[in-house]
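Take a look at the letters that make up each chain.
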Amino acid sequence: MDLLTPHLLSIGPLLTLVAVALLVLLLESIITKSEPVSFWTSVAGLLVSIGIAVPGIAVHGSAFGGMLRTGGSANYFSIIFFICALLTIVFSRDYLKKRDSVFGEFYLLILFATVGMVLMAAAADLIIVFLGIELMSICLYVLAGFIRGSVLSNESSLKYFLLGAFATGFLLYGIALLYGSTGSTSITFLTEHFETYASSRLFLAGIGLLIVGLAFKIGAVPFHMWVPDVYQGAPTPVSGFMATGAKAAAFSIIIGLFAQRFVHGVQIGTLLAILAAASMILGNVVAIAQTNVKRMLAYSSIAHAGYMLTGLAAGNAYGRDGILFYLLAYAFMNLGAFGLISFMEQEGEKHLTFDDYAGLGTTKPFLAVLMSVFMFSLAGIPPFAGFFGKYYIFVGAVQADMTWLAIVGVLMSVVSVFYYLRLVMVMYFQDTLIGQTASYSASSAAFVVLAALILLGLGVFPSSLLAIITTLY
Amino acid sequence: MIPLEYYLSLSAVLFATGVIGVLTRRNAIIVFMSIELMLNAVNLSLVAFSQYLGSTTGQVLVFFVMAVAAAESAIGLAIIIALFRNKQTLNIDELNLLKW
Amino acid sequence: MSLFDIAFYFFALITVASAALVVFSRNIIYSAFALLFTFFGVAGLYALLGADFVAVAQLLIYVGGILVLLLFGVMLTTKLVSVDMKTGTLQALPATLLFAAVAGALSGVYIITDWNVLAGAPDAATTAVTIGDMFLTTWLLPFEIASVVLLVALVGAAMIARRDARSKPTQQAAL
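Here's a quick rundown of the structure.

## Description of the overall build of chain C
Inference 1: Along the backbone of chain C there are seven helices and zero strands.
Inference 2: Moving toward the C terminus, one meets the helices and strands of chain C in the order α-α-α-α-α-α-α.
Inference 3: Burial statistics for chain C: of 175 residues in total, 33% are counted as buried.
Inference 4: Across chain C, the fraction of contacts at a sequence separation of at least 24, relative to all contacts at a separation of at least 6, is 57%.

## Describing unusual backbone geometry
Residue and element names in this part refer to chain A.
Inference 1: Residues Val221 and Pro222 are joined by a peptide bond in cis, for which omega reads 5°.
Inference 2: Within the secondary structure layout, Pro222 lies in the loop between helix 10 (201-218) and helix 11 (226-233).
Inference 3: In this model, Pro382 is joined to Pro383 through a cis peptide bond whose omega is 10°.
Inference 4: In this structure, Pro383 sits in the loop between helix 17 (365-379) and helix 18 (385-399).
Inference 5: Positive phi, close to 55°, is recorded for Phe64, a residue that is not glycine.
Inference 6: By secondary structure assignment, the location of Phe64 is in the loop between strand 1 (61-63) and strand 2 (68-70).
Inference 7: A positive phi is found at Asp100, a non-glycine position, where the angle reads about 60°.
Inference 8: By secondary structure assignment, the location of Asp100 is in the loop between helix 4 (72-98) and helix 5 (105-122).

## So, the environment of Ala70(B)
Inference 1: Its location among the elements puts Ala70(B) in helix 3 (residues 57-87).
Inference 2: Its 19 C-beta neighbours within 10 Å are what place Ala70(B) among the partly exposed residues.
Inference 3: Beyond its immediate chain neighbours, meaning those up to four positions away, Ala70(B) contacts Ile61(C), Gly65(C) and Ile66(C).

## Description of the interface of chain B and chain C
Inference 1: Facing 60 residues of chain B, the contacting portion of chain C comprises 69 residues.
Inference 2: Of all the elements in the fold, those that place two or more residues in the side of chain B that touches chain C are helix 1 (4-24), helix 2 (28-53) and helix 3 of chain B.
Inference 3: Considering every element that reaches the side of chain B that touches chain C, the biggest residue donor is helix 3 of chain B, with 22 residues.
Inference 4: Per-class residue counts for the side of chain B that touches chain C are 41 nonpolar, 14 polar and five charged.

## Remarks on helix 15 (residues 317-344) of chain A
Residue and element names in this part refer to chain A.
Inference 1: Over its 28 residues, helix 15 extends 40 Å from the first C-alpha to the last, a length consistent with the 40 Å expected when each residue adds 1.5 Å.
Inference 2: The largest bend along helix 15 measures about 25° and falls at Tyr330.
Inference 3: Most of helix 15 sits inside the fold, with 27 of its 28 residues counted as buried.

## Focus on the interface of chain C and chain A
Inference 1: With 18 residues of chain C at the interface, the matching set in chain A holds 23 residues.
Inference 2: Looking at the side of chain C that touches chain A, the elements that each hand over two or more residues are helix 4 (92-112) and helix 6 (140-161) of chain C.
Inference 3: The element that contributes the greatest number of residues to the side of chain C that touches chain A is helix 6 of chain C, accounting for 12 residues.
Inference 4: Taken together, the residues of the side of chain C that touches chain A break down into 14 nonpolar, three polar and one charged.

Cut-offs and rules
- Residues numbered from 1 in each chain as written.
- Chains lettered and ligands numbered in written order.
- Predicted model: local features only at pLDDT ≥ 70, side-chain atom pairs only at ≥ 80, totals over all residues.
- Helix = DSSP H or I, 4+ residues; strand = E, 2+ residues; numbered from the N terminus.
- Buried ≥ 20, exposed ≤ 12 C-beta atoms within 10 Å, placed from the backbone.
- Contact = placed C-beta atoms within 7 Å.
- Nonpolar A, V, L, I, M, F, W, Y, C, P; charged D, E, K, R; others polar.
- Expected span 1.5 Å × (residues − 1).
- Bend = angle between axes of the 7 residues up to and from the residue.

What follows is the structure, given as structure tokens:
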């Protein structure tokens, strides 16, 4: 028993989450009016999971015969996923009522998607990576099409499914080639013997295909074409969940694979740098032309994938820690923004254009202030957390002699200020054209305020979080 | 005995055929069939590697791929039917799959 | 050329030809039936590679499960009387070039790779025992996750495809 206890504790967050998800499944099938019960069970379960994951950060270990890594970065990422799931569940309750789609299965699918994400972050074997991605993706395909009466939602779901499955094909072929060239699928083995195999074309082809598959999942250029359509059509809180949780999960794999010894001696850094630059340029430039707020945030999420890839291309500790910091900050600011959009949205995908936000500063000052906070943070304006995330990443790029990439990043951040602040301008300096309505519950409002406060807190005291991040690997 | 390269090249041809299908066809179900071709190509190379490396691991991996393929096809068909119910078409012209 | 070699070329031909038919046929029903032969050809190749269990599973899961599901999809979404079943293709030339590039590059890598082949097939006459052992030892966790994936797929498929109790009768009549 003494031997078992620390082992169980190390996989505690995962076990708790699976147990909660199964409990919700059970509740759904035995209770008739199950939605409120499922909602509160999910919220409570996620809070408990966060509580279990936090102390585990300091303990590094492995579980299931080397199939999972526990503690450290696995727990850090798990906490990001739990926060994303929690905010998404809270925001989506009001939203689903508006769209006449209140079903407890929604929370169930979010929870199982989160289980998939945790597996991805904790994976020490490529097969766990694959199964984690699939568990997450299958839930997200359904969540994207959750508003069954809406053609836009159906289409979003189909596009996401077809391109997701397509990406899985590349990912799997990459795994197969890595297995063929090394005889193993263990990530630990691959990272340790990277130099041995780096001369093998077969091995590099496998790595290349793996990167293609993962680039699809994070929505980096040139594998981004699904992002705007899917984010626009999916239920708004789900779009937020995809942009934050799913993206963080895909990054957790890429960081686990490439951020350590993997980069040395091979031109993977250059490859990642090109992907990063292309994503930042395309995402930010195209975002300017958008009139739909959700679509604008979708292109902005492509750009943010670019910023984070910059840290990865740098391949040093600064860049890596920058990504970890940024992913947490991004979860709060992006989900906050998507949450506010879901408050404003009306039946039939209405009230989603910039014009619909005109004069919000006078009619709904509370929402306008919060939206401004998230926009400032997304644009990377101090003192919000978004600024420090970008700062660490760009410093990492400069230290890795990729100054050109850092310059591209800074220039593109300046471009991004234009469209983020356009929304703020519209809210404060334009007259209201039509009667705006926003519907939200007290708990959702509380969570949005909390997200904004955390952004401010992380922006003012970034070093406290960074001190934790540096101990993760 | 057939050399390993033969099996792998066959798998590469099968994979490429699937990729072409996904990128060129407009019908969602055909696109999905093409994805199944890609997964079969992966399985073929896994089994070939497994045989020639003398390790059964590759064959175990094939079962996971099959399980996931089955799960994906269930979800995929459900999505396709839901869309068809609302829209009466499966033509994915408006998906802009090739416009990157 | 031994019988074994002939069998390989036979199955390879079936696989490649029917895969091409799946992708390039203008009739979706032909595509679906061509896919049957692709699955069958691949199963034959598995058998040649000594993977008997995988070959049987291929027939059961792909032919018995996935293909049947696909056929249901084809039939539920195609109104046989009113809509012609032809499906369009686009961009034939870029597709051919891409095909040549992908298949050529991968095959090139395979040919230049110096294969460290371990001689001989595994001793066991059947692979089922070994695979079963591995599922319940080394690969127990992935095995469990796969079961969760299947569970979620069932819940999700039921969620998304079930008829809404409040949906309009016209929509129901359409199916």
